[in-house]
Amino acid sequence: MRSKIFLYLFIFAALFILFQFMNAKKAKESYDTKIENLKTRITEKEAVVDSLIDVNLDLTYFSMESNEDAASYFEEMGYDANKLALTISDKIISENKAGEDNPIVPYVGMEGKMAINKVRLLNHRWIIADFTDGVYWGELFITYEVRKDGVIDFEVEKSFLYPRN
């Protein structure tokens, strides 16, 4: 009788171990599949990130932040290039006044007052800006100069007003 109990106990233990082994094997295969899928997704995302880095480098090629020559030009004059770029942008945008057209924009607002929305300093001499009156919009090419006394002079070289669709 005792030997039959040990035999049944041994068979039960063997079946339990076999069940655990098969369950662990399926779980491992499932985890391996998930890991492979995640590795594939990581590889794809890394490729996207690399392409976005390249696109970002291309887009920032003409900007004050990435132009070492323009930054050194201002540093030789005794200015911090980043602070001066913010000051120049703020000066242009601060010309937007309630109820008045921005005097830098060479067009009169037809559906509202013309205001400059976005300014990008290309280098130590050139700026591009975007303006709108809410319906009509356009772009400006501005040259600027920082004089020795710190005064900033702006001159609109070219402007373009997009036709309304």
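Just so it is clear, the model here is predicted, and its values are computed rather than measured. Every chain begins its residue count from 1, and numbering advances along the sequence as written. Reporting of local features is limited, given that this is a predicted model, to residues whose pLDDT is at least 70; pairs of side-chain atoms are given and counted only at 80 or more, and all residues count toward the totals for whole chains, interfaces and linings. To get the side-chain values, all heavy atoms of the structure are used, and hydrogens and water are removed first.

A. Representation of the environment of Ala129. Along the chain, Ala129 turns up in strand E2 (residues 126–132). Owing to a relative accessible area of 5%, Ala129 belongs among the buried residues under this scheme. Placed 19 residues apart in sequence, Ala129 and Lys148 show a C-alpha to C-alpha distance of 25 Å. Excluding residues within four positions of it along the chain, Ala129 makes contact with Ile116, Lys118, Val119, Gly138, Glu139, Leu140 and Ile142. Secondary structure follows DSSP: runs of H or I at least 4 residues long count as helices, runs of E at least 2 residues long count as strands, and numbering of each begins at the N terminus. Note on exposure labels: buried denotes an accessible area under 20% of the residue type's maximum, exposed denotes more than 50%, and partly exposed covers the range between, all computed with a 1.4 Å probe on protein chains only. We call two residues contacting when some pair of their heavy atoms lies within 4.5 Å.

B. Looking closely at the packing of aromatic side chains. The pairing test for Phe, Tyr and Trp rings, Trp by its six-membered ring, is centres within 6.5 Å, and the orientation test on the planes gives stacked under 30 degrees, edge-to-face over 60, and tilted for anything in between. Tallying each qualifying case throughout the model produces 7 aromatic pairs. Between the aromatic rings of Phe74 and Tyr144, the centroid separation amounts to 6.5 Å while the plane-to-plane angle is 25°, which identifies the pairing as stacked. One end of the pair, Phe74, is in helix H2 (residues 68–76); the other, Tyr144, is in strand E3 (residues 137–146), with 70 residues separating them in the sequence. When sorted by exposure, Phe74 lands in the same class as Tyr144, which is buried. Note on Trp137 and Tyr162: the rings are 5.7 Å apart at their centroids and 25° apart in plane angle, and the pair reads as stacked. In this pair, Trp137 is assigned in strand E3 and Tyr162 in the segment after strand E4 (152–161), connecting sequence segments 25 residues apart. We classify Tyr162 as partly exposed; its relative accessible area is 27%. Every member of this aromatic cluster is reached through a ring pair, and the members are Tyr73, Phe74 and Tyr144.

C. Region of interest: H2. Here H2 has its buried residues at Ala70, Ala71 and Phe74. Take H2 and look down its axis: the buried residues cluster within an arc of 100°, on one side only. Residues of H2 that are exposed and angled more than 90 degrees away from the buried face: Glu68, Asp69, Glu75 and Glu76. Looking at the buried residues of H2, the elements they touch are helix H3 (81–93) and E3. Starting at the helix axis, one direction is taken to each C-beta atom, and the arc is that of these directions.

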